[in-house]
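# Survey of secondary and tertiary structure
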Amino acid sequence: MSRTRSISQEILVHFASKIPEKLSSKWTRFVCVSDTHNKIDRDKYQVPNGDVFLHAGDMTGLGKVEQVRDTVNWIKNLPHKYKVIIAGNHDLTLDETFYEKNWNRFHYNKEDPKEAINIIKNAGNGVVYLNEESFTIPDKGIQIWGSPWTPEFYEWAFNGQRGQCLKEKWGQIPQTTHILMTHGPPYNILDKTHHSGENVGCEDLLERIKVIKPYVHIFGHIHEAYGVLEKTWESTDQDRKKTIFINASTTTIEYEPENAAVVFDYPPTHPL
Ligand code: 5GP
Ligand code: MN
Ligand code: MN
Ligand code: MN
């Protein structure tokens, strides 16, 4: 692999308010949103066109079957060839074991989690639902891993205890992952909460990221920490020199869909 590739081989990040043409058709344009919580008005909220749409979880308000159906109908009708999506702590029915035990803390009538999972897994039209698994974009070889898990906070879906439990989950992420999707942020990266000013991201996720050094990590969950941050890794025996972190939370802390989708262009060959 050449080490002298030009700067144009780097990933380019844009906000939806200002998106240039792709440098060439060989680049792959990713369009990232998160935490849409059934708050999107399809006529008002513009999703930029691109090759791959990514949704980093909290697709629904409370995981009701109708809410899952509504979100899936929105996503499956987007023009992107692939729509790679994960769940979040609000997508209650998608965590079937959790929902069976906890449904009455959230819902007056019990929903059918199997139906919700069926809707999302069999959406078709390029929708790829990842629950601790990989998807490699055909013909491009770009490998994506998606996981819904976040550190425990008031016992919601896909909540795991900090420490051993989450460490084991992150241990499953393949070293070869190019793009990592998790619902929540890693510790100290776009993870500062408005209320307490605390950094609530996952320490164990950060440790795993230091090993893998994915080119891009997209997440949401902490709505008020929406934004992009680039981290350069100091010494590395891999070709991977930096990670772009994207907190793509579309809704604000008041659950208003005010944040633009974040777009990035992935070069024809893997970046350095
Ligand atoms: P959601 O309920 O949609 O998962 O998260 C909404 C908001 O709850 C976030 O924007 C953040 O302000 C707060 N929140 C979520 N998880 C945590 C957490 O682990 N710790 C703290 N302090 N706040 C959180
Ligand atoms: Mn959310
Ligand atoms: Mn590779
Ligand atoms: Mn969340």
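Shown above is the structure to which this text applies.
The present account deals with the structure reproduced in this document. Each chain carries its own residue numbering, running from 1 in the direction its sequence is written. Chains and ligands are labelled by the order in which they are written, letters from A for the one and numbers from 1 for the other. Under the rules for a predicted model, residues below a pLDDT of 70 receive no local features and side-chain atom pairs below 80 are neither given nor counted, while totals for whole chains, interfaces and linings still include all residues. Water and hydrogen atoms play no part in the side-chain values, which are based on all heavy atoms of the structure.

Turning next to unusual backbone geometry. The backbone phi angle of Glu132 is positive, close to 55 degrees, even though this residue is not glycine. The secondary structure listing takes helices from DSSP runs of H or I that are at least 4 residues long and strands from runs of E that are at least 2 residues long, numbered from the N terminus. If you trace the backbone, Glu132 turns up in the loop between strand E5 (127–129) and strand E6 (133–137). At Asp139, a residue that is not glycine, the phi angle is positive and equals roughly 70 degrees. By secondary structure assignment, the location of Asp139 is in the loop between E6 and strand E7 (142–147).

One requirement defines pairing of two strands: DSSP has to find at least two bridges between them. Strand order in this open sheet of six strands is E6-E7-E10-E11-E13-E12, and the pairing throughout is mixed. Single-partner strands in this sheet number two, and they are E6 and strand E12 (227–232). Across this sheet, the average inter-strand angle for adjacent strands is 20 degrees, counted without regard to direction. The pairing of strand E11 (residues 216–219) with strand E13 (residues 242–247) spans four bridges and is parallel. Looking across to E13, one finds that His217 is bridged to Phe245. As a rule, the C-alpha atoms of each element are fitted with a line to give its axis, helices using only the stretch in contact, and angles between N-to-C directions run from 0 to 180 degrees.

Another point: the side chain of Thr252. Counting through the fold element by element, Thr252 comes out in the loop between E13 and strand E14 (262–266). What makes Thr252 buried here is its relative accessible area of 14%. Note on contacts: a residue pair qualifies if any of its non-hydrogen atoms lie within 4.5 Å across the two residues. Leaving out residues up to four positions away in the same chain, Thr252 has contacts with His223 and Glu258. Burial classes follow relative accessibility: with a 1.4 Å probe on protein chains only, a residue under 20% of its type's maximum area counts as buried, one over 50% as exposed, and anything between as partly exposed.

Geometric values such as these leave the question of function open.
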